[in-house]
Amino acid sequence: MSSRIRVVVAKPGLDGHDRGAKVVARALRDAGMEVIYTGLHQTPEQIVEAAIQEDADAIGLSVLSGAHLTLFARVVELLKERDASDILVFGGGIIPDGDIPQLEEIGVAKIFTPGATTHEIVDWVRQNVTPA
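What this report covers is the structure whose coordinates are included nearby.

Cut-offs used in this document
- Residues numbered from 1 in each chain as written.
- Predicted model: local features only at pLDDT ≥ 70, side-chain atom pairs only at ≥ 80, totals over all residues.
- Heavy atoms only, no water.
- Pairing = 2+ DSSP bridges.
- Helix = DSSP H or I, 4+ residues; strand = E, 2+ residues; numbered from the N terminus.
- Axes fitted to C-alpha atoms, helices over the stretch in contact; angles between N-to-C directions.
- Core = buried A, V, L, I, M, F, W, Y, C linked by side-chain atoms within 4.5 Å.
- Buried < 20%, exposed > 50% of the residue type's maximum accessible area, 1.4 Å probe, protein only.
- Contact = heavy atoms within 4.5 Å.

1. Things to note about the sheet that holds strand E5 (residues 110–112)
Either a parallel or an antiparallel arrangement is found when strands of a sheet pair, and the pairing is made through backbone hydrogen bonds.
Right, so step 1: Strands sit in the order E2-E1-E3-E4-E5 across an open sheet of five strands; the sheet is parallel. Two strands in the sheet have a free side with no partner beyond their single neighbour: strand E2 (34–37) and E5. Taken pair by pair, the neighbouring strands of this sheet meet at an average axis angle of 20°, ignoring direction.
Right, so step 2: With three bridges joining them, strand E4 (residues 88–93) and E5 adopt parallel strand pairing. Each bridged residue has a counterpart across the sheet, and for Phe90 the counterpart in E5 is Lys110.

2. Focus: the nonpolar core
Right, so step 1: Of all hydrophobic cores here, the largest spans 24 residues; its most connected members are Ile59, Leu61, Phe72, Leu79 and Val89.
Right, so step 2: Of all the secondary structure elements, the ones that give two or more residues to this core are strand E1 (6–10), helix H2 (44–53), strand E3 (58–63), helix H3 (68–81) and helix H4 (100–106).
Right, so step 3: For this core, the element with the highest residue contribution is H3, accounting for six residues.
Right, so step 4: Ignoring anything within four residues of it in the chain, the contact list for Leu61 reads Ala10, Pro12, Ile47, Phe72, Val75, Val89, Phe90, Gly91 and Gly92.

Shown next as structure tokens:
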């Protein structure tokens, strides 16, 4: 029997717009995944701690504030420091196409930009995240 994929969905930083994160969290849950939504205004440290405590397979970050390079990098860095880089990081939000290669270079597995469907996100998670 295989276990279900566990995903922490988080809103790092000061961005207060979480509708998209909640829609994605619900789509993942409705697709049979276990989803832990951390809420607004989370620090990278809080997000990584939650992912480790919840034995998450992936972290999905939603960033609309423009601080994506800093916030994604810090989450990836903290996962490495905590010996938890097996937790896959993906995300989305208002992220310029020109920043996506830099995010991928630091270890972010996938960025979903505006217009991505929940079906596309669910399919990608199923294909790229292996439950522990």
